[in-house]
Amino acid sequence: MKIGFVGLGIMGKPMAKNLIKAGYDVVVTTHKQEVIDEFVALGAKGAKNAADEVKQGCDVIITMLPNSPQVREVTLGAGGVVEGGKSGITVLDMSSIDPVESQKISAELEKSGIELLDCPVSGGEPKAIDGTLSVMAGGKKESFDKFLPVLKAMASSVVYVGPIGSGNVAKLANQMIVAANIGVVAEALTFAKKAGTDPRLVYEAIRGGLAGSTVMDAKAPMMLSGNYEPGFRIRLHIKDLTNALNAAHAINMPVPMTAQMMEVMQELMNHGEENCDHDDIIKYYERMTGVSIAEA
């Protein structure tokens, strides 16, 4: 199986490398020639765009892009998958986008005999590197089964959720929970510090109980060390929450906790912190309270 990969950013680059490690024939495209050269050195081939990947004989095109407009452009626009002129291929969109857009793009691709699966991921850069991402997939079940080995080359958990768009619904639910979880971890540890208790010891005391979570174990140590290097940037989480709010409001559902976390992240944006990791939420509480939990 020959795989084209579009979107070699923080997440996409290690994902594409894991496909190469798994023995797949990979063709990559990006506007950065040095990245193309890096992949060619690993045994991949370079392409001008997604259409060129199709023309080079790729059976499947994987997209890992920032948002809906980029996915639409790479699939349906100039130099996109459809322009490659080959029916019967499949696009695995591993971006996190609006599920309504996934459905619309899928309908347009079907006119050219191209199938779409929406397969967003969770886990951040560390899990992209070690190949232990979580994938939630939507689309035709038989196609999901066909490409399951490809997805498992990049992930340790791959779950079929339902028809097209369902993968992104699951991802947005994930991002809603992660945002609220990081927010309350930041709030609780700031509360501990302001109350005169060592927040690291509070973290150690509660992490094994009901309050413990993967998010707490990933983000509390970063907050305590003052590490805001991006694994998942604030601006990308804002994108996901925007999509979550839009999707929820489209079905007339109130999502007050998600809306509150969006307001917190907007405050961070206004302080120029959009490219920080989302554990930077702790700074919102620092500014409100005048208390920092970061250890010297």
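It should be noted that the structure appears before, not after, this text.
Not measured: the values here are computed from a predicted model.

Engineer: I keep staring at unusual backbone geometry and nothing clicks. Help me out?
Structural biologist: Peptide bonds are, in most cases, trans, and in most cases residues other than glycine have a negative phi. Here Asn252, not a glycine, exhibits a phi torsion of approximately 60 degrees, which is positive. Take Asn252: it is sitting in the loop between helix H11 (234–250) and helix H12 (256–270).

Engineer: Just checking my understanding: could you explain the layout of surface pockets for this structure?
Structural biologist: To find the voids left in a structure, one rolls a probe of water-molecule size over its atoms. Counted as a void, the second largest pocket has a volume near 240 Å³. Together, 15 residues line the second largest pocket, and Pro99, Val169, Ala247, Ala248 and Ile251 are the ones closest to its centre. Only helix H5 (99–110), helix H8 (166–194) and H11 provide two or more residues apiece to the lining of the second largest pocket. With five residues, the top contributor of residues to the lining of the second largest pocket is H8. Of the residues that constitute the lining of the second largest pocket, the class distribution is twelve nonpolar, three polar and no charged.

Engineer: Where do I start with the pairing of strand E6 (residues 115–118) in this structure?
Structural biologist: Consecutive side chains along a regular strand alternate between the two faces of the sheet. Because side chains alternate across E6, one face comprises the buried residues Glu115 and Leu117, and the other comprises Leu116 and Asp118, equally buried. Looking at chain direction, strand E5 (residues 90–93) and E6 are connected through four bridges and run parallel. Residue pairing in the sheet places Asp93 in a bridge with Asp118 of E6.

Engineer: How do you make sense of the environment of Asn252 when you look at a structure like this?
Structural biologist: Judged by its relative accessible area of 71%, Asn252 is exposed. Spatially, the C-alpha atoms of Asn252 and Arg235 are 25 Å apart, while their sequence positions differ by 17 residues.

Engineer: What exactly am I supposed to notice about the packing of aromatic side chains here?
Structural biologist: The description of an aromatic ring pair uses the distance of the two centres, along with the angle that the planes make with each other. One pass over the full model with this rule turns up two aromatic pairs. Taking 5.3 Å as the distance between ring centres and 45 degrees as the angle between the ring planes, the aromatic pair formed by Phe144 and Tyr160 counts as tilted. Of the two residues, Phe144 is situated in helix H7 (residues 141–152) and Tyr160 in strand E9 (residues 155–162); the sequence distance between them amounts to 16 residues. Note on Tyr284 and Tyr285: the rings are 5.2 Å apart at their centroids and 90 degrees apart in plane angle, and the pair reads as edge-to-face. When sorted by exposure, Tyr284 lands in the same class as Tyr285, which is buried. The ring of Tyr160 has Lys141 sitting right over it, with the charged end atom 5.8 Å from the ring centre.

Engineer: Honestly, the pairing of E5 in this entry has me stumped. Any pointers?
Structural biologist: Residues Thr90 and Leu92 line one face of E5 and the alternating positions Val91 and Asp93 line the opposite face, and both faces are buried. Relative to E5, strand E4 (residues 60–63) runs parallel, the two sharing four bridges. Each bridged residue has a counterpart across the sheet, and for Ile61 the counterpart in E5 is Val91. The handedness of the E4 to E5 crossover, carried by helix H4 (residues 68–76), is right-handed. Handedness of the β-α-β unit built from E5, H5 and E6 comes out right-handed.

Engineer: How should the packing of H8 against H12 be read in this particular structure?
Structural biologist: Packing of H8 against H12 brings their axes to within 9 Å, and their N-to-C directions diverge by 65 degrees. In this structure, H8 meets H12 at a crossing whose hand is left-handed. For the pair H8 and H12, contact is made by Met176, Ala179, Ala180 and Gly183 and by Met257, Thr258, Met261 and Met265, respectively. Taken together, the residues of the contact of H8 with H12 break down into six nonpolar, two polar and no charged.

Engineer: It is not clear to me how the pattern of salt bridges should be interpreted in this structure. Could you clarify?
Structural biologist: Pairing between side chains of opposite charge can happen when their charged atoms approach one another. One pass over the structure, following the stated rule, counts 14 salt bridges. Note that Asp240 is salt-bridged to Lys239, the shortest N-O span being 3.0 Å. For the pair shown, Asp240 and Lys239 are each scored as buried. In this structure, Lys283 engages Asp280 in a salt bridge whose closest nitrogen and oxygen atoms are separated by 3.3 Å. Looking at Asp280, the relative accessible area reads 0%, which means it is buried. One connected set of salt bridges, linked through shared partners, spans Lys13, Lys17 and Glu38.

Rules of the game
Residues numbered from 1 in each chain as written. Predicted model: local features only at pLDDT ≥ 70, side-chain atom pairs only at ≥ 80, totals over all residues. Heavy atoms only, no water. Helix = DSSP H or I, 4+ residues; strand = E, 2+ residues; numbered from the N terminus. 1 Å grid on protein atoms, 1.4 Å probe; cavity = no way out; pocket = protein on both sides within 12 Å on 5 of 7 lines; lining within 4 Å. Points joined across faces, edges and corners; volume = space filled by probe spheres on them. Nonpolar A, V, L, I, M, F, W, Y, C, P; charged D, E, K, R; others polar. Buried < 20%, exposed > 50% of the residue type's maximum accessible area, 1.4 Å probe, protein only. Pairing = 2+ DSSP bridges. Phe/Tyr/Trp six-rings, centres within 6.5 Å; stacked < 30°, edge-to-face > 60°. Lys NZ or Arg CZ within 6 Å of the ring centre and 35° of its normal. Right-handed = clockwise from strand over helix to strand, strands pointing away. Axes fitted to C-alpha atoms, helices over the stretch in contact; angles between N-to-C directions. Left-handed = near helix turned anticlockwise from the far one by under 90°. Contact = heavy atoms within 4.5 Å. Salt bridge = Lys/Arg side-chain N within 4 Å of Asp/Glu carboxyl O.

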